[in-house]
Amino acid sequence: MKFGKEFSSQMVPEWQQAYVDYKYLKTLIKDINRFKRKTNPQGHEMTTALHRTFIGQKRHGFGGGCGQISPSSTVVDINDGITTAPIHVSSSVTHQYETTFFMTAERGGEYELVFFRRLDDQFNKVEKFYKEKADEVVKEAAALNKQMDALIAFRFKMKEERTAEMTLMASPNAVSPAELAKTSSQSPTGVIEEGGSSGAGRSDENDNNVEKDSYSKTTLKPANDMSKMKDTTRPASMGVLNSVRISYTKGTPSSTIKSVLKVSNEPELILNRYNLRKIEEKLRCAFVEFHRKLWFLKSYSFLNVLALSKILKKYDKVTSRDAAKSYMTMVDNSCLGSSDEVMRLLDHVETTFIKHFTNGNRTKGINILQPKAKRERHRLTFSTGFLGGCMFSLVVALVAIVRTRNILQDERQEQYMNSMFPLYSLFGFIVLHIIMYAANIYFWRRYGVNYSFIFGFKQGNELGYKQILFVGFSIGALALLCVLANLDMETNPKTKDYQALTELLPLCLLITMLIVLILPFNIFYRSSRYFFLNCLSRILAAPLCKCMRRVFEERNIEQGYNSFKYFLVVVAVCLGMAYEVDRKKDSQTIWRWSGGVTSAMAVVFCTYWDLVQDWGLLNRTSKNPWLRDELLVPHKEVYFIAMILNVVLRFAWLQTVLDLQFESINTQAAIAFVASLEIIRRGIWNFFRLENEHLNNVGKFRAFKTVSLPFNYEEDQKILCGLN
């Protein structure tokens, strides 16, 4: 693979605009090469060949070796053997690097001057971005230091109370735990001395043993100077617990109500195992995310330095100069090139995490901090294709059975369509949802949408489109087998008497799916199943509650409009249900017209919101007319087709409320068809919605999720109140 493609594939997707524009710099070098070939084709080829030969001799030891070249001797004139310096790199007062090119008088020198101007712009952009991110890392490391102080004090305090309880149980005349804890907290040496590792992850048997070593804290880095980081430890004061409160920042409906009523979400600090487990879980997530940011910074520095080196080598090859050494010396001495501070901080984070969260197990700690991507197995591809072929064969068999046995012309066809068809169509909707989701994942990966970050998937555990299809085809094959078995038992004279058992087949299939979903064993994508179960509460409460929460907490008026959109949909659905339940003609007319008007309003409002807010399209001032400035799909007609389909399929949804009757189509079949169209529309909406969200993240360089910390310091709260 060429370096340009490898460079693009290794980028942090949300930071891609902050990287060196390697392709653009290559075009400038091509302009230089094109001019030299045009003005002196034979001489340029001869000079290039001599330059390659001379460089090869230097690398093999001629002329004292590459490592013995003087920093000022940056260019070798092949024709006369005189060494000249074509560039000089200097730094201004504003820490902007500028290259002075001394060969502008030569033919084509203006092209090379433009190249170095653009090269300086790219390097200054990268250097500025790296410094900003490094400053953020410094602040976050200081905050994690304070959180670790509180965590270690919390653990030590719990250990003291547990020791006091054991002493009290052994001797009835012993001092009470409260008095013992009070005495220990009032002692002049109320400090946690350096000792053993954390007790996190130990078994209950080991928890009963009183250890002699006490908990310690490993300092991540000094809060004010990143370059003076040392492998030192300092004791954590027990008094830190007097100035902290446990923070609960989970966005739930209850937290929204509390924020509206001005009720505090920060309870008193209670020492128990439940709070300790929650605190450790939050800090573990914070360390993983912080380590990921440090790792991305390290990769960002390495890739950009490598890109600058590659592009300067291409320049030397085309111009027969040796400017790379002088420029790369400046790069290596810059903040971007000398990223030793980030490396030391990365080592300290790993050491602290392994010591306090994995009980010194380095292998386990590194696997948590740097989860390995799952390898795609050939048997997965085979199984997915096999199940897909089974589904197709079962569909063909189903059509053949219906046609040959004239099931649709049977007198019980109406009864079957009203009773059994809706049950089996449920599994069809599930399979169609899964297929659309798999298609979205395929195209998100193809066009570089970081869907795993947007959805909040755990790194290394997200499912690919083949795994999603495998799940969907498995459910589809089982559902089709049940349909065939049901039809066969319905039409077979020998099994007609077991009609009650045949109607239990869809229920058995549903129970089987639920059992697999909650199965505790580590099979059939357990982490993904549990992630889905954890999201069910938010799915049921969303999206209206979520929008209302953001209106109250963020004071965002757009979320108010969004909540009004969902309110219209809810009202339209309720009116449609009332129309179906109430069988009085006068009432049905009222319900029908009310539902129709409300549904039309909801469709118009939702269509506008889809195209303008969710997709970011219909921008008349965009460089892509009626679309948006940045597009990931190269074919613009795809966006116009998607907009037309979204409008048409939105209005098709009105059929479910207006209850339009078609003589040639069964009512249940029409409902299933319209529902399938709505699922397809939602699948299309998902792709462009996440594309727009990804582009917003790219524009704001937002590559990491915000992790709430477990402890709130009173001094920080006072500062925030003073600022507000």
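Rules used in this analysis
Residues numbered from 1 in each chain as written. Predicted model: local features only at pLDDT ≥ 70, side-chain atom pairs only at ≥ 80, totals over all residues. Heavy atoms only, no water. UniProt positions renumbered as here; feature names shortened; annotations may be inferred. Helix = DSSP H or I, 4+ residues; strand = E, 2+ residues; numbered from the N terminus. Buried < 20%, exposed > 50% of the residue type's maximum accessible area, 1.4 Å probe, protein only. Contact = heavy atoms within 4.5 Å. Areas by Shrake-Rupley, 256 points an atom, 1.4 Å probe, with all protein chains shown as cover. Phe/Tyr/Trp six-rings, centres within 6.5 Å; stacked < 30°, edge-to-face > 60°. Lys NZ or Arg CZ within 6 Å of the ring centre and 35° of its normal. Core = buried A, V, L, I, M, F, W, Y, C linked by side-chain atoms within 4.5 Å. pLDDT = per-residue confidence, 0-100. Salt bridge = Lys/Arg side-chain N within 4 Å of Asp/Glu carboxyl O. Expected span 1.5 Å × (residues − 1). Axes fitted to C-alpha atoms, helices over the stretch in contact; angles between N-to-C directions. Parallel < 35°, antiparallel > 145°, perpendicular 65-115°, else oblique. Left-handed = near helix turned anticlockwise from the far one by under 90°. Nonpolar A, V, L, I, M, F, W, Y, C, P; charged D, E, K, R; others polar. Patch = residues over 30% accessible without salt bridge, like charges linked within 9 Å, V, L, I, M, F, W, Y side chains within 5 Å. Lys, Arg positive; Asp, Glu negative; His and termini not counted. Charge placed at Lys NZ, Arg CZ, Asp CG, Glu CD.

- Per an unreviewed UniProt entry, the protein goes by EXS domain-containing protein and derives from Brassica campestris.
- Among the UniProt annotations of the protein, the heading Subcellular location (unreviewed entry) holds the following wording: "Cell membrane".

### Some words on the overall build of the protein
Thought 1: Scanning the protein from N- to C-terminus turns up 26 helices and eight strands.
Thought 2: Counting every position in the protein, which comprises 724 residues, the buried fraction comes to 38%.
Thought 3: Counting only contacts in the protein whose residues sit at least 6 apart along the sequence, the fraction spanning at least 24 positions is 73%.
Thought 4: Element-wise, carbon and sulfur atoms account for 59% of the exposed surface of the protein, whose accessible area totals about 41400 Å².

### Side note on unusual backbone geometry
Thought 1: Positioned with a positive phi, Asn 359 is a non-glycine residue whose angle comes to about 60 degrees.
Thought 2: Looking at the element boundaries, Asn 359 is found in the loop between helix H10 (340–357) and helix H11 (362–369).

### Overview of the packing of aromatic side chains
Thought 1: Tallied over the entire structure, the rule returns 40 aromatic pairs.
Thought 2: Considering the side-chain rings of Trp 444 and Phe 455, the 5.8 Å spacing of their centres and the 65 degrees angle between planes classify their relative orientation as edge-to-face. Here the residue Trp 444 occupies a position in helix H14 (residues 421–446), and Phe 455 occupies one in helix H15 (residues 451–455), the gap between them amounting to eleven residues.
Thought 3: Judged by centre distance (5.0 Å) and plane angle (45 degrees), the rings of Trp 615 and Phe 688 are tilted. Highlighted residues: Trp 615 in the loop between helix H22 (585–614) and helix H23 (637–652) and Phe 688 in helix H25 (residues 667–699), separated in sequence by 73 residues. Note on accessibility: Trp 615 and Phe 688 belong to one class, buried.
Thought 4: Seen from the ring of Phe 3, Lys 310 lies directly overhead, with NZ or CZ sitting 5.7 Å from the centre.

### A few points about the nonpolar core
Thought 1: By size, the foremost hydrophobic cluster in this structure holds 75 residues, and its most contacted members are Trp 15, Phe 115, Phe 116, Leu 119, Tyr 300, Leu 312 and Tyr 327.
Thought 2: No other element matches the 18 residues that helix H8 (residues 273–319) contributes to this core.
Thought 3: Met 391, Val 431, Leu 617 and Phe 688 belong to the second-largest nonpolar core, a separate cluster that totals 32 residues.

### Some thoughts on the confidence of the model for the protein
A low pLDDT score tells you not to read the predicted coordinates there in detail.
Thought 1: Per-residue confidence for the protein averages 78 on the pLDDT scale, and 74% of its residues sit at or above 70.
Thought 2: Of all the helices and strands in the protein, strand S1 (residues 75–76) carries the lowest mean pLDDT, 38, while H14 carries the highest, 93.
Thought 3: Contacts for the low-pLDDT stretch residues 221–235, under 50 throughout, to residues beyond four places or in other chains number 36 contacts.
Thought 4: Counted against residues more than four places away or in other chains, residues 718–724, with its pLDDT under 50, gives zero contacts.

### Thoughts on the pattern of salt bridges
Once their charged atoms are close, side chains differing in charge can pair, the charge on each being opposite to the other.
Thought 1: Taken as a whole and judged by the stated rule, the model has 18 salt bridges.
Thought 2: As a salt-bridge pair, Arg 34 and Asp 31 come within 2.7 Å of each other at their nearest N and O atoms. A residue pair is termed a helical-turn pair when its members lie 3 or 4 positions apart in one helix, as Arg 34 and Asp 31 do in helix H2 (residues 22–39) at three residues.
Thought 3: Of the charged contacts in the structure, one is a salt bridge between Glu 127 and Lys 131, with a shortest N-O distance of 3.9 Å. Here the residue Glu 127 and the residue Lys 131 both occupy positions in helix H4 (residues 109–170), the gap between them amounting to four residues, near one helical turn.
Thought 4: Glu 127 sits in the buried class, given a relative accessible area of 3%.
Thought 5: Here the salt bridges share partners, and the residues they tie into one network are Asp 610, Arg 650, Glu 678, Arg 681 and Arg 682.

### Considerations on H14
Thought 1: Taking 1.5 Å per residue as the helical rise, H14 with its 26 residues ought to reach 38 Å, and the 37 Å between its terminal C-alpha atoms agrees with that figure.
Thought 2: The complete set of buried residues in H14 reads Tyr 424, Ser 425, Phe 427, Val 431, Ile 434, Met 436, Ala 438, Asn 440, Ile 441 and Trp 444.
Thought 3: The first or second residue beyond H14 is Gly 448, which carries a positive phi of 75 degrees.

### Quick look at the packing of H14 against helix H16 (residues 465–491)
Thought 1: Where H14 contacts H16, the two axes come as close as 9 Å, and the packing angle between them is 160 degrees. The angle between H14 and H16 places the two elements in the roughly antiparallel class. In this structure, the crossing between H14 and H16 has a hand that is left-handed. Across the interface between the two elements, Tyr 424, Phe 427, Ile 430, Val 431, Ile 434, Ile 435, Tyr 437, Ala 438, Ile 441 and Tyr 442 of H14 pack against Tyr 465, Ile 468, Leu 469, Val 471, Gly 472, Phe 473, Ile 475, Gly 476, Ala 479, Cys 482, Val 483 and Asn 486 of H16.
Thought 2: For the contact of H14 with H16, the residue count by class is 19 nonpolar, three polar and no charged.

### Section: a positive patch on the surface
Thought 1: On the surface, Lys 2, Lys 5, Lys 23, Lys 30, Lys 310, Lys 313, Lys 314 and Lys 317 cluster together into a positively charged patch.
Thought 2: For the positive patch, the elements supplying multiple residues, two or more each, are H2 and H8.
Thought 3: Among the elements that line the positive patch, the one with the most residues is H8, at four residues.
Thought 4: Looking at where Lys 5 falls in the secondary structure, it is placed in helix H1 (residues 3–9).

### Points about the packing of H14 against helix H18 (residues 505–517)
Thought 1: At a closest axis distance of 9 Å, the pairing of H14 and H18 adopts a crossing angle of 35 degrees. H18 is crossed by H14, and the crossing has left-handed handedness. Residues Leu 423, Tyr 424, Phe 427 and Ile 430 of H14 lie in contact with H18, whose contacting residues are Leu 505, Pro 506, Leu 509, Leu 510 and Met 513.
Thought 2: Partitioning the contact of H14 with H18 into residue classes produces nine nonpolar, no polar and no charged.

### Concerning helix H9 (residues 324–333)
Thought 1: For H9, the full list of buried residues reads Ala 324, Ser 326, Tyr 327, Met 328, Met 330 and Val 331.
Thought 2: Packed against the buried residues of H9 are strand S3 (87–91), strand S4 (97–101), H4 and H8.

### Structural notes on the side chain of Lys 565
Thought 1: Its place among the elements puts Lys 565 in helix H21 (residues 557–581).
Thought 2: One buried charged residue, Lys 565, remains without a salt bridge, the closest side chain of opposite sign being Asp 614 at 4.2 Å.

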